[in-house]
Amino acid sequence: MRGADTLRLKANVPAGVTRVNVRLVFAEPDALPPGKQVFNVLINGQLTIKKLDIAAATTSRNQTLIRDINDVPYDGTLKVSLIPEPGSAESVLSGIAIT
């Protein structure tokens, strides 16, 4: 997913589950240099990853970067927002898993 700022997701979890673990998967497909694509990740409005720079955190184009956010409040819908820093390229999210 590229350029979208917010996703609203429903997870296939057992009834009554109020907290989940979220795995976010990122990869930089365009070989942008460090500092060109920096963004913040919010889950349910809470800042969970500040100033993520995929290129700075990996060593090659398309290398997978995984970030796990555990014990996230869940009320039936999960809201994931990717907010680019001013002057940055569009954010990129390659995958998401909710358990």
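To start, this report covers the structure provided alongside it. Every chain's residues receive numbers from 1 upward, in the order its sequence appears when written. Residues qualify for local features only when their pLDDT is at least 70, as the model is predicted, and side-chain atom pairs are given and counted only at 80 or more; totals for whole chains, interfaces and linings, by contrast, use all residues. The basis for every side-chain value is the complete set of non-hydrogen atoms in the structure, without hydrogens or water.

Thoughts on the pattern of salt bridges
When a carboxyl oxygen of Asp or Glu is within 4 Å of a side-chain nitrogen of Lys or Arg, the pair counts as a salt bridge. Taken as a whole, this structure holds two salt bridges when the rule is applied. With its nearest N and O atoms 2.8 Å apart, the salt bridge here joins Asp71 to Arg19. Taken together, the residues Asp71 in strand E5 (residues 65-73) and Arg19 in strand E2 (residues 19-26) connect sequence positions 52 residues apart. Given a relative accessible area of 47%, Asp71 falls into the partly exposed group. A salt bridge links Asp68 to Arg23; the shortest N-O distance between them is 2.7 Å. In this pair, Asp68 sits in strand E5 while Arg23 sits in strand E2, placing the two residues 45 residues apart along the sequence. Helix and strand definitions here come from DSSP, where helices need a minimum of 4 consecutive H or I residues and strands a minimum of 2 consecutive E residues; each element is numbered from the N-terminal end. For each residue, the accessible area found with a 1.4 Å probe, counting protein chains only, is set against the maximum for its type, and the residue is called buried under 20%, exposed over 50%, and partly exposed in between.

Examining the nonpolar core
With 21 residues, the main nonpolar core has Leu24, Phe26, Val41, Ile43 and Leu78 as its most contacted residues. Taken together, the elements giving at least two residues each to this core come down to E2, strand E3 (38-43), strand E4 (46-53), E5 and strand E6 (78-84). The element best represented in this core is E2, accounting for four residues. We call two residues in contact whenever any of their non-hydrogen atoms come within 4.5 Å of each other. Excluding anything up to four places from it in sequence, Val41 contacts Leu24, Phe26, Gln46, Leu47, Thr48, Ile49, Val80, Ser81 and Leu82. To form a nonpolar core, buried Ala, Val, Leu, Ile, Met, Phe, Trp, Tyr and Cys residues must be joined to one another through side-chain atoms within 4.5 Å.

Some thoughts on the sheet that holds strand E7 (residues 95-98)
Strand order in the open sheet formed by three strands is E5-E2-E7, and the pairing between neighbours is antiparallel. Either end of the sheet is taken by a strand with one partner, and the two such strands are E5 and E7. Here the average twist between neighbouring strands, direction ignored, is 15 degrees. Strands are labelled as partners when DSSP assigns at least two bridges between them. Lines fitted to C-alpha atoms define the axes here, with helix axes fitted over just the stretch in contact, and angles between the N-to-C directions of these axes take values from 0 to 180 degrees.

Quick word on unusual backbone geometry
Among all residues except glycine, the phi angle is most often negative; among peptide bonds, the trans geometry is most common. Although it is not a glycine, Ala31 adopts a positive phi angle of roughly 55 degrees. Within the secondary structure layout, Ala31 lies in the loop between E2 and E3.

Notes on the sheet that holds E6
A sheet is described by the order of its strands in space; here four strands give the open sequence E1-E6-E3-E4, paired in antiparallel fashion. Strands with a single pairing partner mark the edges of an open sheet, and in this sheet they are strand E1 (6-9) and E4. For this sheet the average axis-to-axis angle between neighbouring strands, irrespective of direction, equals 15 degrees. Judged from the five bridges that link them, E3 and E4 form a sheet pairing that is antiparallel. Its bridge partner lying in E4, Ile43 is registered against Gln46.

Brief notes about the side chain of Thr58
Mapped onto the fold, Thr58 is located in the loop between helix H1 (54-57) and E5. The buried category is assigned to Thr58, whose relative accessible area is 12%. The definition of a polar contact used here is a pair of N or O atoms within 3.5 Å, where within protein one atom must be able to donate a hydrogen and the other to accept one, and adjacent residues in sequence count solely through side-chain atom pairs. A polar side-chain atom of Thr58 sits 2.9 Å from the main-chain carbonyl oxygen of Ile54. Each residue touching Thr58, except ones within four places of it in the same chain, is listed here: Gln63, Thr64 and Leu65.

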